[in-house]
Amino acid sequence: MSDNQSWNSSGSEEDIEPREEPGHHVGVVDLSGVLSKWTNYIHGWQDRWVVLKNNTLSYYKSQDETEYGCRGSLCLSKAVITPHEFDECRLDISVNDSVWYLRAQDPEHRQQWIESIELHRADSGYGSESSLRRHGSMLSLTSATSGYSATSTSSFKKGHSLREKLAEMETFRDILCRQVDTLQKYFDGCADAESKDELQRDKIVEDDEDDFPSTRTDGEFLHGNGSKEKLFQSLTPKGINGIDFKGEAITFKATTAGILATLSHCIDLMVKREDSWQRRLEKEMDKRRRIEDSCKSALNDLKKKSHFGGPDYEEGPNSLINEDEFFDAVEAALDRQDKIEEQCQTEKTRIQRCSPVPPGDVYSSSGAHRFSDKVEEMVQNHMTYSLQDMGGDANWQLVVEEGEMKVYRREVEENGIVLDPLKATHSVRGVTGHEVCHYFWDTTYRNDWETTIENFNVVEALSDNAAIIYQTHKRVWPASQRDVLYLSAMRKILANNENDPDTWLVCNFSVDHDDAQPSSRCVRAKINIAMICQTLVSPPEGDKEISRDNILCKITYVANVNPGGWAPASVLRAVAKREYPKFLKRFTSYVQEKTAGKPILF
């Protein structure tokens, strides 16, 4: 992300005061700019135009395509923003199962994005103080209305034991006993008051007998009705006359004691049953724990699979994938590529491509261009050292031997990166060195036999036999995608004497070019490769003309590759041991098919 298109905040970069959107609180600004977004394990990191507005994070393929609609968006109300632990430019934004992996140009820009996103989240009302103030009354009402049910069911929700409930029952029993004692005191007081009233009534009756006659003048008996009855009724509380208050109180207390005794009996039964239920509960809880562990493990595996292929599981210094998993993933990806190639190979052979072959004298020199001296130096080095016999050199190890093909390796590491030089020798009948080098160098046929290339293009044609080529290789997850920029030159080596075989050479070595700068999308590999082909002709029988049966091409292929990146050494060596022999067999078989039945090209 360049400085002139890094980011802006609702206006030009020269604005000192950020412009507020209607309805936004102070300090909340919109933000937009270029961020690298992890797309998938094939394409890796891609630059995208990201816009932060109205509590929503959206992204577009580029700034020019914003009018066509966004390619994706996230509502930040419940988003979780996680700065990466090791990568100072990276931030991860997750909402439920959706995760965006983003990288800024530098740590300062990352911090700018994080602060802006947090301001938008706070302004949205979720989890902020303003949200709590706005919804405070509702929360209070809810708490108040749910308090009763929460209290009544708290024991079940919290899993309180039966013994705790028994303690509560003991407390309630004590309270009830105190209430009964209070009632008993009240009833005792009422009984004492009734006794006092009876004594007072008897005294009044005795006094009245002295003041009033007991018989009338006509001799009839006075029964004490009228004013005396009313007086007695006023001195006696209504409803108490004739009731045994102490007896009633004793009965009430006895009934209550019976209820409590019954409850105690029930509690005793529950206590006896608790041990049995406790054992059942423990069994069920153990079964539940096992099921939860299985479920958790399955969810973790599913989550791992769903995010497998993210930036944390790709090649890198802090990769979460171990070396064995890395190797298995690479091997599985290569197997899939082989199957796809087998399906496409039949279709490729139907397409006949023809490219005119320049005369041999065109390749006798490197031509006049700015890399001529470098090409000449590379050619001489390969002719001096690449053709040397490796017999007796203990540094070279024979790793593959299949018929005429032998592959040697010399283990070299520098700063933890595998730089093993590889050398392969092979003999192919029926083709010449010129034909083999022609099909190896000419980009017209490249896609017919090269299965590891995703795309390539000629950056600059230096001469008839030299060109600068940029190519990207198919990604083999979890390894990062590689690209390479190299100069490819084809040369015919002039013989020093008439006994020297006809020799052709193609050398490919890394160069720099302004039109193909390294990018964050791929890891730039460095190469120095040569294919040297010598044609050996056996004399035909009698007067017969030389045919392809009399031709043998001796191929020497050398490769010095610096893959860059952080792939494990064991994986790189295993891939090289597997792929180089397959490449040689595939390429030489292709050349034999292309030249079959055609005139011999020396």
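Quick caveat, the model's predicted, so the values are computed rather than measured.

Next up on the list: the overall build of the chain. Along its length, the chain carries 12 helices and 20 strands. A buried classification covers 36% of the 602 residues belonging to the chain. Contacts in the chain between residues far apart in sequence, at least 24 positions, make up 61% of those at least 6 positions apart. Of the roughly 36,700 Å² that the chain leaves accessible, carbon and sulfur atoms contribute 52%.

The grouping of Val 537, Ile 546 and Phe 602 at the surface amounts to a nonpolar patch, some 260 Å² of accessible area in total. Mapped onto the elements of the fold, Phe 602 is located in the segment after helix H12 (569-595). What makes Phe 602 partly exposed here is its relative accessible area of 43%.

Attention now goes to a positive patch on the surface. Taken together, the side chains of Arg 273, Arg 279, Arg 280 and Lys 283 present a region of like positive charge at the surface. Tracing the chain through its elements places Arg 273 in helix H7 (residues 245-307). With relative accessibility at 47%, the residue Arg 273 sits in the partly exposed group.

For the rest of this paragraph, the subject is the confidence of the model for the chain. Model confidence for the chain is summarised by a mean pLDDT of 75, while 67% of its residues fall at 70 or above. Within the chain, the lowest mean pLDDT, 33, falls on helix H3 (residues 136-152), and the highest, 95, falls on strand S17 (residues 502-510). Scored below 50 in pLDDT, residues 1-26 shows 49 contacts in the model against residues more than four places distant or in partner chains. Per-residue pLDDT stays below 50 along residues 212-243; that stretch engages in 23 contacts with residues further than four places along the chain or on separate chains.

For the rest of this paragraph, the subject is the packing of aromatic side chains. The final tally for this structure, using the stated rule, is 12 aromatic pairs. A centroid spacing of 5.2 Å and a plane angle of 85° characterise the contact between Tyr 59 and Trp 100, whose relative ring orientation is edge-to-face. Pair noted here: Tyr 59 is in strand S4 (residues 56-60) and Trp 100 is in strand S8 (residues 98-103), with a separation of 41 residues, a long-range link. Comparing Tyr 59 with Trp 100 shows no difference in burial state: the two are buried. Within the aromatic cluster, the residues linked to one another by ring pairs are Phe 440, Trp 449, Tyr 557, Tyr 580, Phe 583 and Phe 587. Taking the ring centre of Tyr 59 as reference, the NZ or CZ of Lys 37 above it sits at 4.8 Å. In this structure, Arg 446 is placed above the aromatic ring of Phe 456, and the distance from its NZ or CZ to the ring centre is 5.7 Å.

Of the two faces of strand S5 (residues 72-75), the one lined by Gly 72 and Leu 74 is fully buried and the one lined by Ser 73 and Cys 75 carries no buried residue. Bridging between S4 and S5 involves four bridges; their strand directions are antiparallel. Within S5, the position partnered with Leu 57 by the bridge is Leu 74.

Core analysis: the largest hydrophobic core is formed by 35 residues, its most contacted members being Val 436, Phe 440, Met 531, Tyr 557, Phe 583 and Phe 587. Non-local contacts of Val 436, meaning those with residues more than four positions away in its chain, are made with Val 431, Met 531, Cys 533, Cys 553, Ile 555, Phe 587 and Val 591. Grouped together as the second largest cluster of nonpolar side chains are 19 residues, Tyr 59, Ala 79, Ile 81 and Ala 104 included.

It is worth spelling out the side chain of His 84 at this point. Assignment of secondary structure puts His 84 in the loop between strand S6 (80-83) and strand S7 (90-95). Residue His 84 is classed as buried on the basis of its relative accessible area, which comes to 17%. Among the polar contacts made by the side chain of His 84, one reaches the main-chain amide nitrogen of Phe 86 at a distance of 3.1 Å. Here the side chain of His 84 touches Asp 87 through a polar contact of 3.0 Å, landing on its backbone nitrogen.

Here we come to unusual backbone geometry. Positive phi outside glycine occurs at Asn 54, with the angle close to 55°. Structurally, Asn 54 can be placed in the loop between strand S3 (44-53) and S4. Since its relative accessible area comes to 46%, Asn 54 is described here as partly exposed. Although it is not a glycine, Asn 55 adopts a positive phi angle of roughly 60°. For Asn 55, the position within the fold is in the loop between S3 and S4.

With that out of the way, let us pick up helix H1 (residues 107-123). Here H1 is 17 residues long and its end C-alpha atoms lie 24 Å apart, about the 24 Å a rise of 1.5 Å per residue gives. What H1 keeps buried is the set His 109, Arg 110, Trp 113, Ile 114, Ser 116, Ile 117 and His 120. All buried residues of H1 lie within an arc of 165° about the axis, which places them on one face of the element.

Tallied over the full model, the rule gives 19 salt bridges. Across the pair Arg 288 and Glu 292 runs a salt bridge whose closest N-O atoms are separated by 2.9 Å. Remark: Glu 292 and Arg 288 occur in helix H7; sequence separation between them is four residues, near one turn of the helix.

Calculation notes
- Throughout, residues of each chain are indexed from 1 in the direction in which the sequence is written.
- For a predicted model such as this one, the threshold for reporting local features is a pLDDT of at least 70, and the threshold for listing and counting side-chain atom pairs is 80 or more; totals across whole chains, interfaces and linings nevertheless cover every residue.
- Hydrogen atoms and water are omitted, and side-chain values are computed over all heavy atoms in the structure.
- What counts as a helix is a DSSP run of H or I of at least four residues, what counts as a strand is a run of E of at least two, and both are numbered from the N terminus.
- Only protein chains enter the accessibility calculation, which uses a 1.4 Å probe. A residue is then buried if its area is under 20% of the maximum for its type, exposed if over 50%, and partly exposed in between.
- Contact definition: two residues touch when any of their heavy atoms are within 4.5 Å.
- Here the Shrake-Rupley method, with its probe set to 1.4 Å, supplies the accessible areas, and only the displayed protein chains count as covering residues.
- The patches reported here contain residues having more than 30% relative accessible area and no salt bridge. Joining distances are 9 Å for like charges and 5 Å for nonpolar side chains (Val, Leu, Ile, Met, Phe, Trp, Tyr).
- A pair is scored as a salt bridge if a Lys or Arg side-chain nitrogen falls within 4 Å of a carboxyl oxygen belonging to Asp or Glu.
- Charge counting treats Lys and Arg as positive and Asp and Glu as negative, with His and both chain ends excluded.
- Note that the charge is assigned to NZ on lysines, CZ on arginines, CG on aspartates and CD on glutamates.
- pLDDT is a per-residue confidence score from the predictor, ranging from 0 to 100.
- By convention, a stacked pair of Phe, Tyr or Trp rings (six-membered ring in the case of Trp) has centres within 6.5 Å and planes under 30 degrees apart, an edge-to-face pair has planes over 60 apart, and any other such pair is tilted.
- As a reminder, the over-ring test applies to NZ of lysine and CZ of arginine, requiring each to be within 6 Å of the ring centre and within 35 degrees of the ring normal.
- When DSSP locates at least two bridges between a pair of strands, those strands are taken to pair.
- We call a set of buried Ala, Val, Leu, Ile, Met, Phe, Trp, Tyr and Cys residues a nonpolar core when their side-chain atoms join them within 4.5 Å.
- Two N or O atoms count as a polar contact when they lie within 3.5 Å, although within protein this holds only if one can serve as hydrogen donor and the other as acceptor, and sequence-adjacent residues are included solely when both atoms are side-chain atoms.
- The span you would expect from a helix comes to 1.5 Å times its residue count less one.
- Think of it as the arc spanned by the lines of direction from the helix axis to the C-beta atoms.

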